[in-house]
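Notes for the structure review
One-letter residues, chain by chain:
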Amino acid sequence: MQGMNMTRSIDARRTLTVALGERSYPIHIGPGLLGDPQWLRPHLAGRQVMIVTNETVAPLYLERLKAGLGDDLTVREVVLPDGEATKTLASVERIWDALLEAGFNRRCTLVALGGGVIGDMTGYAAASYQRGVAFVQVPTTLLSQVDSSVGGKTGVNHPRGKNMIGAFWQPRAVLIDTDTLSTLPRRELSAGLAEVIKYGLIRDVGFLTWLEDNMAALRGLDAAALAWAIERSCSLKAEIVAEDETEQGVRALLNLGHTFGHAIETHQGYGRWLHGEAVGTGMLLAAELSRRLGWLSDDEVARTREVLAAADLPLAAPADMSVDDFLSIMRLDKKNLDDRLRLILLRGLGDACIHDQTPPETLATLLEDFPR
Ligand code: NAD
Ligand code: MG
């Protein structure tokens, strides 16, 4: 029995490399990574380790992570409260305080154990502590595994705006233990799947087809299916990031569904719709608009809707959101240059583009017709 499990686990293990010259790093993906020293230890800069996690994740995975470190190291931890509201400079300050109290030097390593909130804050603490120290991401939500842990964006929110304070800072390694998804709330899993579907829609129709065929396995937490979906997502994001590390061009395609989605999140108040849920509905709006511009067929829009439905994502905009609500929020979007509304649309499935020529009346009719 033991042997069989081992074989199955090894089959589901994958490693890919984010190619960024001397800052290149590996992403290890698969079940059973957390408690196994061979994955984390090689990426430590020295013998001082600061684990940053939150009150939800700590009881689930902190001991397992520590077991994978060995007892010859100086290990400290910061356990922050849960939630986007804690993604503040004050939390980063708590991390700096803990590092200074422990007397940690420039050869310490920060380990982020949790979702994107923990990853973003820990990365920023690492970017700024003593002008930059090593950090390793151990993302435990599907969204953070396929999105926030790749690309090097770190930071915190400011009362005047989300992610307004931050830095680009690459991790030494990313360890994605797919076993951690077993405790993730189902809504959070679906929200992560929205970003996975996004990669297929923008860049890889073959992957989209694979997702259509394997959605049930993914939602059933099949380890091999998860490992493949995560690897494909990370490598599509890594390719885009390698082409455009600081977001001058092609990286904008990663925002498919995000302008519409951001309008939904803003209108509803952050937290009521999960980010991935809003992006899912946003991608359906983008697909439908692409059809109206003559780029997608009815069938292709139907495929988009069905794969989102299979991931259990919402397919209608909020009932209380008017066309004007959408338009007024979208006009303020930071992706707009000059006064043109810039949208990421689909020239085909797997072929996204940046478009700033949508006639205002086409957009208004789309929003009018879209189900609530
Ligand atoms: P999150 O970090 O808030 O995690 C979602 C919830 O799941 C939290 O309550 C968390 O405690 C809980 N959780 C985490 N792992 C769990 C597990 N294995 N089992 C049970 N519960 C678990 O949210 P998220 O969706 O992971 O990340 C969202 C954040 O990521 C946002 O702040 C966003 O700005 C950021 N983000 C950053 C980038 C980037 O490029 N840096 C990209 C996308 C998103
Ligand atoms: Mg997103």
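As the structure is a computational prediction, the values presented were derived from the model and not from experiment.

Calculation criteria
- Residues numbered from 1 in each chain as written.
- Chains lettered and ligands numbered in written order.
- Predicted model: local features only at pLDDT ≥ 70, side-chain atom pairs only at ≥ 80, totals over all residues.
- Helix = DSSP H or I, 4+ residues; strand = E, 2+ residues; numbered from the N terminus.
- Rg over C-alpha atoms; globule rule 2.2 N^0.38 Å.
- Buried ≥ 20, exposed ≤ 12 C-beta atoms within 10 Å, placed from the backbone.
- Near = placed C-beta within 6 Å.
- Nonpolar A, V, L, I, M, F, W, Y, C, P; charged D, E, K, R; others polar.
- Contact = placed C-beta atoms within 7 Å.
- UniProt positions renumbered as here; feature names shortened; annotations may be inferred.
- Expected span 1.5 Å × (residues − 1).
- Core = buried A, V, L, I, M, F, W, Y, C linked by C-beta atoms within 7 Å.
- Pairing = 2+ DSSP bridges.
- Axes fitted to C-alpha atoms, helices over the stretch in contact; angles between N-to-C directions.
- pLDDT = per-residue confidence, 0-100.

**Considerations on the overall build of the protein chain**
Looking only at helices and strands, the protein chain has 14 helices and 11 strands in total. By the compact-globule yardstick of 21 Å for 372 residues, the protein chain fits well, its C-alpha radius of gyration being 21 Å. Once the C-alpha set of the protein chain is aligned to its principal axes, its extents read approximately 65 × 50 × 40 Å. Considering the protein chain as a whole, with its 372 residues, one finds that 44% of them fall into the buried category.

**Remarks on the site of ligand 1**
Neighbouring residues of ligand 1: 26 residues in total, closest Gly 115, Gly 116, Thr 140, Thr 141 and Ser 148. When the residues that make up the shell around ligand 1 are grouped by side-chain class, the tally is six nonpolar, 13 polar and seven charged.

**So, helix H10 (residues 258–268)**
Among the 11 residues in H10, eight count as buried, and that is most of the element. Residues of H10 that are buried: His 258, Thr 259, Phe 260, Gly 261, His 262, Ala 263, Ile 264 and Glu 265. In this structure, the buried side of H10 is in contact with helix H11 (275–292), helix H13 (323–331) and strand S10 (343–348). One or two positions beyond H10, positive phi appears at Gly 269, with a value near 85°.

**Examining the environment of Gly 166**
Within the secondary structure, Gly 166 sits in strand S8 (residues 161–168). Those residues in contact with Gly 166 that lie beyond four places of it in its chain are Tyr 124, Lys 153, Thr 154, Gly 155 and Val 156.

**Focus: the UniProt feature "domain: 3-dehydroquinate synthase N-terminal" (unreviewed entry) in the protein chain**
Within the UniProt annotation, "domain: 3-dehydroquinate synthase N-terminal" (unreviewed entry) is assigned to residues 78–190. Annotated as residues 78–190, this span is 34% helix and 30% strand, and its ends, taken at the C-alpha atoms, are 29 Å apart.

**What to know about helix H5 (residues 116–128)**
In a regular helix each residue adds 1.5 Å, so 13 residues correspond to 18 Å; H5 covers 18 Å between its end C-alpha atoms and thus fits that length. Of all 13 residues making up H5, 12 are buried, and the element is well covered by its neighbours. Among all positions of H5, only Gly 116, Val 117, Ile 118, Gly 119, Asp 120, Met 121, Thr 122, Gly 123, Tyr 124, Ala 125, Ala 126 and Ala 127 are buried. One or two positions beyond H5, positive phi appears at Gln 130, with a value near 45°.

**Structural notes on the nonpolar core**
Of all hydrophobic cores here, the largest spans 104 residues; its most connected members are Val 52, Leu 113 and Ala 286. The element contributing the most residues to this core is helix H9 (residues 223–243), with 11 residues. Discounting chain neighbours no more than four positions away, the residues touching Leu 113 are Ile 51, Val 52, Thr 53, Val 57, Tyr 61, Leu 62, Leu 65, Ile 118, Val 138 and Thr 140.

**Some words on the sheet that holds strand S6 (residues 134–139)**
Spatial ordering of the open sheet is given by S1-S2-S9-S6-S5-S3-S4, a layout of seven strands whose pairing is mixed. With one partner strand each, in any of the chains shown, strand S1 (14–18) and strand S4 (74–80) form the two edges of the open sheet. Strand-to-strand, the axes of this sheet are offset by a mean angle of 15°, without reference to chain direction. Of the strand pairs in this sheet, S6 and strand S9 (residues 173–177) are connected by two bridges, and their pairing is parallel. By the bridge assignment, Val 136 is partnered in S9 with Ala 173. Sheet contacts for helix H3 (residues 58–67): strand S3 (48–54), S4, strand S5 (109–114) and S6; angle to S3, the most-contacted strand, approximately 165°. Contacting S3 and S4, helix H4 (residues 89–101) crosses the sheet at an angle of about 160° to S4.

**Description of unusual backbone geometry**
Positive phi, close to 45°, is recorded for Gln 130, a residue that is not glycine. Mapped onto the secondary structure, Gln 130 falls in the loop between H5 and S6. Of note in this structure, Asn 163 is not a glycine but carries a positive phi near 55°. Following the sequence through the fold, Asn 163 ends up in strand S8.

**Remarks on the confidence of the model for the protein chain**
Parts of the prediction with low pLDDT should not have their coordinates interpreted in detail. Within the protein chain, residue pLDDT values average 93, and 94% of them lie at 70 or more. Scored below 50 in pLDDT, residues 1–9 makes three contacts in the model with residues more than four places away or belonging to other chains. Scored by ipTM, the complex comes to 0.99, with pTM at 0.94.

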